[in-house]
Amino acid sequence: MKLFSYMEKYDYEQVVICQDQLSGLKAIIAIHDTTLGPALGGTRMWNYQSEEEALEDALRLAKGMTYKNAAAGLNLGGGKTVIIGDPRTDKNEEMFRAFGRYIQGLNGRYITAEDVGTTVEDMDTIHEETDYVTGISPAFGASGNPSPVTAYGVYVGMKAAAKEAFGSDQLSGKTVAVQGVGNVAYHLCKHLHEEGAQLIVTDINREAVKRAVNEFGAKAVDIDDIYQVDCDIFAPCALGAVINDQTIPQLKAKVIAGAANNQLKEDRHGNVVHEMGILYVPDYVINAGGVINVADELNGYNRERAMKKVEGIYQNVAKVFEISNRDAIPTYQAADRMAEERIARLRRSRRQFLQQEHHILSRRD
Ligand SMILES: NC(=O)C1=CN([C@@H]2O[C@H](COP(=O)(O)OP(=O)(O)OC[C@H]3O[C@@H](n4cnc5c(N)ncnc54)[C@H](O)[C@@H]3O)[C@@H](O)[C@H]2O)C=CC1
Ligand SMILES: CC(C)CC(=O)C(=O)O
């Protein structure tokens, strides 16, 4: 990848490469856009096959956070970190403390949280070195694990999609095919089961599948079969890029609504599903519950207030459909339009000089 050309093309602000030999830390912090405020986005730990792959992931995920935070109405920009390593074997305290010092060095331009491969405990370790970390333990008056809240947001967003596609937001009697039943999707399945939806699940982790089968009466299918099952809603909750040339022809669902980031392999796949009459709920709009929840820490965490905001995902998803219908554009374009217009409006309105800019963290207890 030609890094500077790529950064220029999508207007990235900064990429920080962090290396600490003693602990084995190899991390990339990507900051996409801080027009709305400091960049907030999680830290993903993953066994990347190459540094190139890690860099690309960091960049893509950081840009996604700019759009997610803007669309969710947060006064936050977009950033993300990837740590190269196997989260099962390569973690140690010194690594997360070294990483915390790198974050501290950015002096509030970037605030982190959990993502795939990192936990509340890891965030607590980072917190030993910096205040610019969220999703830390409730013992600190903070919000803890964001996954159940992300799941709740996906659930309410899925209801808004059902209303648009089927005329009612009731999910009882609907069949939902869930790809990956990890931290988020376990809780999503719970909500769906409680409302009376039928579940079809798959995961590379057999224990995760077994739990969904035992607790929610889910039907298990093989990894490759999840795209072609008879269902009303397909919920990608594992990986990115799963809506692609190979999978789209297999889909029987009328709706795609799930937690995974970057579900469309390329933008054009959003056009293809739109033309096929499949309602795609833009990932960063429906999976914003986690970031809305951790962002509330910056105001002194209040669970009730955070959950109220997360419920707003229903209206936000409905607004995307409204724009899509009004402007006759695919839903992913409608969501981008919503986010980009908010950033542009605020960029214009904040031109006035302020001697000392208000800093969002100043409101934290
Ligand atoms: N945790 C959160 O609050 C948020 C998560 N997300 C996104 O949601 C997705 C899921 O996140 P988590 O539940 O936290 O991660 P997780 O790692 O707990 O769950 C992912 C699950 O997918 C399974 N999986 C991996 N490859 C698979 C494959 N090829 N086929 C089927 N299953 C496979 C894994 O075994 C795991 O059980 C990720 O894309 C993440 O970026 C987005 C916003 C917030
Ligand atoms: C998990 C979150 C707290 C933030 C994030 O990185 C995301 O929404 O993808």
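What comes next concerns the included structure. What you see is a predicted model; the values in this text were computed from it and never measured.

Reading the values: the criteria
Residues numbered from 1 in each chain as written. Chains lettered and ligands numbered in written order. Predicted model: local features only at pLDDT ≥ 70, side-chain atom pairs only at ≥ 80, totals over all residues. Heavy atoms only, no water. Helix = DSSP H or I, 4+ residues; strand = E, 2+ residues; numbered from the N terminus. Rg over C-alpha atoms; globule rule 2.2 N^0.38 Å. Contact = heavy atoms within 4.5 Å. Areas by Shrake-Rupley, 256 points an atom, 1.4 Å probe, with all protein chains shown as cover. Lys, Arg positive; Asp, Glu negative; His and termini not counted. Charge placed at Lys NZ, Arg CZ, Asp CG, Glu CD. Axes fitted to C-alpha atoms, helices over the stretch in contact; angles between N-to-C directions. Parallel < 35°, antiparallel > 145°, perpendicular 65-115°, else oblique. Left-handed = near helix turned anticlockwise from the far one by under 90°. Nonpolar A, V, L, I, M, F, W, Y, C, P; charged D, E, K, R; others polar. Phe/Tyr/Trp six-rings, centres within 6.5 Å; stacked < 30°, edge-to-face > 60°. Buried < 20%, exposed > 50% of the residue type's maximum accessible area, 1.4 Å probe, protein only. Lys NZ or Arg CZ within 6 Å of the ring centre and 35° of its normal.

## A short note on the overall build of the chain
Thought 1: The number of helices and strands found in the chain is 13 helices and 12 strands.
Thought 2: For 365 residues, the compact-globule estimate of 2.2 N^0.38 gives 21 Å, and the C-alpha radius of gyration of the chain, at 20 Å, lies within 12% of that figure.
Thought 3: Taken along its principal axes, the extent of the C-alpha atoms in the chain is 55 × 50 × 45 Å.
Thought 4: Contacts spanning at least 24 positions in sequence make up 66% of the contacts within the chain whose residues lie at least 6 apart.
Thought 5: When the accessible surface of the chain is summed, it comes to about 16,700 Å², and 46% of that surface belongs to carbon and sulfur atoms.
Thought 6: Once the 40 positive and 50 negative side-chain charges of the chain are each reduced to a mean point, those two points are 5 Å apart.

## Focus: the packing of helix α5 (residues 147-166) against helix α6 (residues 183-195)
The relative placement of two packed helices is expressed as an angle between their axes plus a distance between the axes.
Thought 1: Between α5 and α6, the least distance of the axes is 8 Å, while the angle of their chain directions is 45 degrees. Between α5 and α6, the crossing angle belongs to the class labelled oblique. Classified by chirality, the crossing of α6 by α5 is right-handed. Seen from α5, the contacting residues are S147, P148, T150, A151, Y152, V154, Y155, M158 and K159; seen from α6, they are N183, V184, H187, L188, H191, L192 and E195.
Thought 2: Split by residue class, the contact of α5 with α6 holds 9 nonpolar, 5 polar and 2 charged.

## Notes on the packing of helix α2 (residues 51-71) against helix α13 (residues 331-349)
Thought 1: In the contact formed by α2 and α13, the axes pass within 8 Å of each other and the chain directions differ by 80 degrees. Taken together, the axis directions place α2 and α13 in an arrangement best described as roughly perpendicular. When α2 is examined against α13, the residues T66, Y67, N69, A70 and A71 are found in contact with a partner set consisting of D336, M338, A339, E340, R342 and I343.
Thought 2: Its residues assigned to classes, the contact of α2 with α13 comprises 6 nonpolar, 2 polar and 3 charged.

## Regarding the packing of aromatic side chains
Thought 1: Counting across every chain of the model gives 6 aromatic pairs.
Thought 2: A centroid spacing of 6.2 Å and a plane angle of 40 degrees characterise the contact between Y152 and Y155, whose relative ring orientation is tilted. Placement of both Y152 and Y155 in helix α5 is noted, with a separation of 3 residues, approximately one turn of the helix.
Thought 3: Judged by its relative accessible area of 18%, Y152 falls in the buried class.
Thought 4: Residue Y155 is classed as buried on the basis of its relative accessible area of 12%.
Thought 5: Here a set of aromatic residues connected by ring pairs shows up, and it is made of Y6, Y10 and Y12.
Thought 6: Above the face of the F166 ring, K174 is positioned so that its terminal group lies 4.8 Å from the ring centre.
Thought 7: Stacked on the ring of Y186, the Lys or Arg R211 has its end atom at 3.7 Å from the ring centre.

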